[in-house]
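Residue-level structural notes
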Amino acid sequence: MTQPIAHPSEQSGFTLIETMIAIAIMGIGIVTLLAAFGTAVSATQNSQENLIARQKALQAMESVYTARNTQQVSFSQIANVASGGIFTTGATQLLCPGPDGLVNTTDDVNCPASGPCTAGPECVVLPGPDGILGTADDLPMSLANFTRSIQINSTLESDGVTVDPTLKQIVVTVSYTTGGNANPHVYTVNALISAYR
């Protein structure tokens with residue numbers, strides 16, 4: 001009787017160490033993917049507030065230019081109160097413009113109640129569950145967590161020493177806080193305005 005002769009196999013499996021290294025690499029990849037997903041979700045949640053902050057900053061900047069162009073205010077009035085102008089110093093709540101039609105001035109008032117919004121700081125109306133703006137299910141969003149400041153700075157002439165009397169820098173900063181986050185999100189717009197239209 002003949003007995004079969006065993007030939008060594010050319011196939012070999014993974015060792016335990018190779019398997020553990022592969023699991024560790026996959027674990028690092030999954031954790032990185034989860035962190036990226038969390039960042040994306042966070043950015044999406046703040047996108048609406050970021051858009052509102054951007055719009056409120058640009059709206060304030062445009063109102064200053066419009067007031068200058070229509071001669072509603074003189075160039076000397078485009079300054080902070082401490083410098084003899086009409087714009088408040090420091091951050092204030094987003095209130096409705098007063099009789100002068102400009103925001104962040106000393107005559108700003110609480111916004112009246114309108115539609116789903118209550119009286120107080122500015123409010124925006126967002127589409128409700130049906131996704132259509134202007135229907136009965138629209139939702140108000142108070143901007144009580146937003147602040148805005150308009151800082152007017154002097155500029156220097158090309159010599160770097162003399163203040164240019166015909167040019168000023170406007171810095172509009174809108175900031176807001178969300179949820180339990182104590183660190184505010186900040187949106188800033190800078191521009192120059194001249195005495196000439």
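Residues numbered from 1 in each chain as written. Predicted model: local features only at pLDDT ≥ 70, side-chain atom pairs only at ≥ 80, totals over all residues. Heavy atoms only, no water.

The name given to the protein chain in an unreviewed UniProt entry is Prepilin-type N-terminal cleavage/methylation domain-containing protein, and the organism recorded there is Candidatus Sulfotelmatobacter kueseliae.

Secondary structure assignment for the protein chain yields one helix and six strands. For the protein chain, the α and β elements follow one another from N to C terminus as α-β-β-β-β-β-β. Expressed along its principal axes, the backbone C-alpha trace of the protein chain runs to roughly 115 × 60 × 30 Å. Put simply, 46% of the contacts in the protein chain that link residues at least 6 apart link residues at least 24 apart. (Helix = DSSP H or I, 4+ residues; strand = E, 2+ residues; numbered from the N terminus. Contact = heavy atoms within 4.5 Å.)

So, about a nonpolar patch on the surface. A cluster of nonpolar residues, Ile 17, Ile 21 and Ile 25, forms a patch on the protein surface that exposes about 330 Å² of accessible area. Considering the arrangement of structural elements, one finds Ile 25 in helix α1 (residues 16-69). (Patch = residues over 30% accessible without salt bridge, like charges linked within 9 Å, V, L, I, M, F, W, Y side chains within 5 Å. Areas by Shrake-Rupley, 256 points an atom, 1.4 Å probe, with all protein chains shown as cover. Salt bridge = Lys/Arg side-chain N within 4 Å of Asp/Glu carboxyl O.)

Note: most peptide bonds trans; most residues except glycine with negative phi. Backbone geometry places Gln 71, a non-glycine residue, at a positive phi of 60°. Residue placement: Gln 71 occurs in the loop between α1 and β1 (92-93). With a relative accessible area of 58%, Gln 71 lands in the exposed category. Although it is not a glycine, Asn 104 sits at a positive phi angle of roughly 60°. Within the element layout of this structure, Asn 104 appears in the loop between β1 and β2 (123-126). (Buried < 20%, exposed > 50% of the residue type's maximum accessible area, 1.4 Å probe, protein only.)

Now for the UniProt feature "transmembrane region" (unreviewed entry) in the protein chain. Look at the UniProt record and you will see "transmembrane region" (unreviewed entry) annotated at residues 20-41. Across residues 20-41 one finds 100% helix and 0% strand; the C-alpha atoms that close the span lie 31 Å apart. (UniProt positions renumbered as here; feature names shortened; annotations may be inferred.)

Here the focus is the state of the cysteines. The tally for this structure, following the rule as stated, stands at two disulfides. Here Cys 96 connects covalently by a disulfide to Cys 111, the sulfurs 2.0 Å from one another. Of note, the bridge from Cys 96 to Cys 111 carries an S-S torsion of about 115° and is right-handed in sense. A residue pair is termed long-range when its members are at least 10 positions apart, and Cys 96 in the loop between β1 and β2 and Cys 111 in the loop between β1 and β2 qualify at 15 residues. Exposure remark for Cys 96: the relative accessible area of 18% places this residue in the buried category. (Disulfide = S-S within 2.5 Å.)

The description of an aromatic ring pair uses the distance of the two centres, along with the angle that the planes make with each other. For the structure shown, the criterion picks out one aromatic pair. With centroids separated by 5.0 Å and ring planes inclined at 25°, the aromatic side chains of Phe 146 and Tyr 176 adopt a geometry described as stacked. With a gap of 30 residues between them, Phe 146 in strand β4 (residues 146-156) and Tyr 176 in strand β5 (residues 163-176) connect regions that are remote in the sequence. Since its relative accessible area comes to 2%, Tyr 176 is described here as buried. The ring of Phe 75 carries the charged tip of Lys 168 above its face, separated from the ring centre by 4.5 Å. (Phe/Tyr/Trp six-rings, centres within 6.5 Å; stacked < 30°, edge-to-face > 60°. Lys NZ or Arg CZ within 6 Å of the ring centre and 35° of its normal.)

What follows concerns the sheet that holds β1. What the four strands build is an open sheet, ordered β1-β4-β5-β6; its pairing is antiparallel. The open sheet has two edge strands with one neighbour each: β1 and β6 (185-194). In this structure, β4 lies alongside β5, joined through 11 bridges in antiparallel fashion. Counterpart to Ile 150 in the pairing with β5 is Val 172. (Pairing = 2+ DSSP bridges.)

Enumeration according to the criterion identifies two salt bridges in this entry. Put simply, Lys 56 and Glu 122 hold a salt bridge, and the shortest N to O gap is 2.4 Å. Of this pair, Lys 56 sits in helix α1 while Glu 122 sits in the loop between β1 and β2, placing them 66 residues apart in sequence. Residues Lys 56 and Glu 122 agree in their burial class; the two are buried. For Glu 122, the salt bridge goes to Arg 148, with nearest N and O atoms at 3.9 Å. Separated by 26 residues along the polypeptide, Glu 122 in the loop between β1 and β2 and Arg 148 in strand β4 bring together distant segments of the chain. Accessibility classification places Glu 122 together with Arg 148 in one group, the buried group. Here the salt bridges do not stand alone but share partners, grouping Lys 56, Glu 122 and Arg 148 into one network.

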